[in-house]
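One letter stands for each residue in the lines below.
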Amino acid sequence: MYATCWRILRALPATSAYKFGDLVAELARSKNGKSIARLRRNLQRVKPEFSKSELEALVKKSMRSYLRYWVDTFRFPDWSKEQILNSVKTINEKYFYESLAAGKGLIVALPHAGNWDHAGAFFCAQGIKLTTVVEHLKPERLFRRFLAHREAMGMEALDLNLRVTATLAERLRSGTLVALVSDRDLSKSGIKVNFFDGIAKMPSGPAALALQTGAALVTAYVSYTETGICIEFEAPIPVPVSGSREDKIATMTQLCADSFARNISRYPEDWHMLQRIWIDGDFVERD
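Residues numbered from 1 in each chain as written. Predicted model: local features only at pLDDT ≥ 70, side-chain atom pairs only at ≥ 80, totals over all residues. Heavy atoms only, no water.

Peer 1: Explain the pairing of strand S6 (residues 191-195) here, please?
Peer 2: Consecutive side chains along a regular strand alternate between the two faces of the sheet. Of the two faces of S6, only the one carrying Ile191, Val193 and Phe195 is buried; Lys192 and Asn194 on the other face are not. The sheet contact formed by S6 and strand S7 (residues 198-202) spans 5 bridges and is antiparallel. The residue of S7 that forms the bridge with Ile191 is Met202. (Buried < 20%, exposed > 50% of the residue type's maximum accessible area, 1.4 Å probe, protein only. Helix = DSSP H or I, 4+ residues; strand = E, 2+ residues; numbered from the N terminus. Pairing = 2+ DSSP bridges.)

Peer 1: Just to check I follow, could you spell out the side chain of Lys47 for this structure?
Peer 2: Mapped onto the secondary structure, Lys47 falls in the loop between helix H3 (34-46) and helix H4 (52-75). Looking at Lys47, its side chain comes within polar contact range of the main-chain oxygen of Ser265, at 3.0 Å. (Polar contact = N/O pair within 3.5 Å; in protein donor to acceptor, adjacent residues only side chain to side chain.)

Peer 1: Explain the sheet that holds strand S8 (residues 216-224) to me, please; I cannot follow it from the model alone.
Peer 2: Note on sheets: strands pair through backbone hydrogen bonds, and any given pair is parallel or antiparallel. Here we have 7 strands laid out as an open sheet, ordered S1-S9-S8-S2-S5-S3-S4, and mixed in their pairing. Each edge of the open sheet carries a strand with a single partner, namely strand S1 (88-91) and strand S4 (155-159). Across the sheet, the mean angle from the axis of one strand to that of its neighbour is 25 degrees, orientation sign disregarded. Running over the sheet, helix H6 (residues 93-101) touches S1, strand S2 (106-110), strand S5 (177-181), S8 and strand S9 (229-233) and is turned about 150 degrees from S2. Relative to the sheet, helix H10 (residues 205-213) contacts S2, S5 and S8, its axis offset from that of S2 by approximately 165 degrees. (Axes fitted to C-alpha atoms, helices over the stretch in contact; angles between N-to-C directions. Contact = heavy atoms within 4.5 Å.)

Peer 1: Teacher, can you tell me more about the nonpolar core here?
Peer 2: Soluble globular proteins tend to pack their nonpolar side chains together in the buried interior. Core analysis: the largest hydrophobic core is formed by 38 residues, its most contacted members being Phe96, Phe123, Leu177 and Ile231. If sequence neighbours within four positions are ignored, Phe123 has contacts with Phe96, Tyr97, Ile128, Leu177, Ile231 and Phe233. Val164, Ala169, Leu217 and Ala261 belong to the second largest nonpolar core, which has 35 residues in total. (Core = buried A, V, L, I, M, F, W, Y, C linked by side-chain atoms within 4.5 Å.)

Peer 1: It is not clear to me how the packing of aromatic side chains should be interpreted in this structure. Could you clarify?
Peer 2: How two aromatic rings sit relative to each other is given by the distance of their centres and the angle of their planes. Under the defined criterion, the tally for this structure stands at 17 aromatic pairs. With centroids separated by 5.3 Å and ring planes inclined at 75 degrees, the aromatic side chains of Tyr69 and Trp70 adopt a geometry described as edge-to-face. In terms of burial, Tyr69 and Trp70 fall into one category: buried. An angle of 70 degrees between the planes, with centres 6.1 Å apart, marks the rings of Phe195 and Trp271 as edge-to-face. Pair noted here: Phe195 is in strand S6 and Trp271 is in the segment after helix H11 (245-266), with a separation of 76 residues, a long-range link. In terms of burial, Phe195 and Trp271 fall into one category: buried. Members of the aromatic cluster, each reached through a chain of ring pairs, are Tyr66, Tyr69, Trp70, Phe74 and Trp116. (Phe/Tyr/Trp six-rings, centres within 6.5 Å; stacked < 30°, edge-to-face > 60°.)

Peer 1: How do you make sense of a nonpolar patch on the surface when you look at a structure like this?
Peer 2: A surface patch of nonpolar side chains, about 240 Å² in accessible area, is lined by Ile8, Leu12 and Phe20. Accessibility expressed as a relative area gives 30% for Leu12, which makes it partly exposed. (Patch = residues over 30% accessible without salt bridge, like charges linked within 9 Å, V, L, I, M, F, W, Y side chains within 5 Å. Areas by Shrake-Rupley, 256 points an atom, 1.4 Å probe, with all protein chains shown as cover. Salt bridge = Lys/Arg side-chain N within 4 Å of Asp/Glu carboxyl O.)

Peer 1: For this particular structure, what's the right way to read unusual backbone geometry?
Peer 2: Negative phi values dominate among residues other than glycine, just as trans dominates among peptide bonds. One non-glycine residue, Asn32, lies in positive phi territory at about 55 degrees. Following the sequence through the fold, Asn32 ends up in the loop between helix H2 (14-31) and H3. In this structure Asn32 comes out as partly exposed when scored by relative accessible area, which is 40%. At Phe196, a residue that is not glycine, the phi angle is positive and equals roughly 55 degrees. Tracing the backbone through its elements, the reader meets Phe196 in the loop between S6 and S7.

Right, here's the structure in full:
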């Protein structure tokens, strides 16, 4: 299915391809499968004040945003460098460039929002070395396809199933940008954080790498615009002056979660979280 979409959506005119994405988004929403139900519950946590009709309108916009990501992905091989660079707006980019210029590497932590691949390609197109981590999908052929997709953008993509911490630390010490999608980790190593009205778990990796290497840790949020994406950075996460290593990691991870929450509240339609993230039960849906 993915291979077919990759081929067909590249061949269609842009307008037709994105209209097709909207149709698929609406069809998926109308079927109300497990992923859509999960998205609805997640968004209800973000916007508990919304009425049922307002929430459903948000789910519709969110699914369109999600399918826009996939259409972008399938069409990306035909994008020119100029299209990549000219379709991105940045806010507070000084936090990014100043931190990277310090020479200690830079960790950018961001949630599953907008088109984070487009954001990575934007910096690669500027000649910035970027390393990221990718989930090992099944079947293997699909994983290799997505690996090649990110490598074609100029990224070094490491398999999450392998021991990547040492490699990431090495890249940071050489001044490389490391970008990590960091808003969900239900494994034993995940750090509990206060997130909106409940308890979620997020990865310790960004904070741990910052402590280990001295690299700055900056959060970013990617939202869609009419013609592309907007990347908004926040000030580097401060390193606590006291406490154990575990305490420092927990504090810094909570600050990342707070940053994610602020921006998800502003652009909830672009947060593509169709999986479980909270560990304290589900929000009770209104009648």
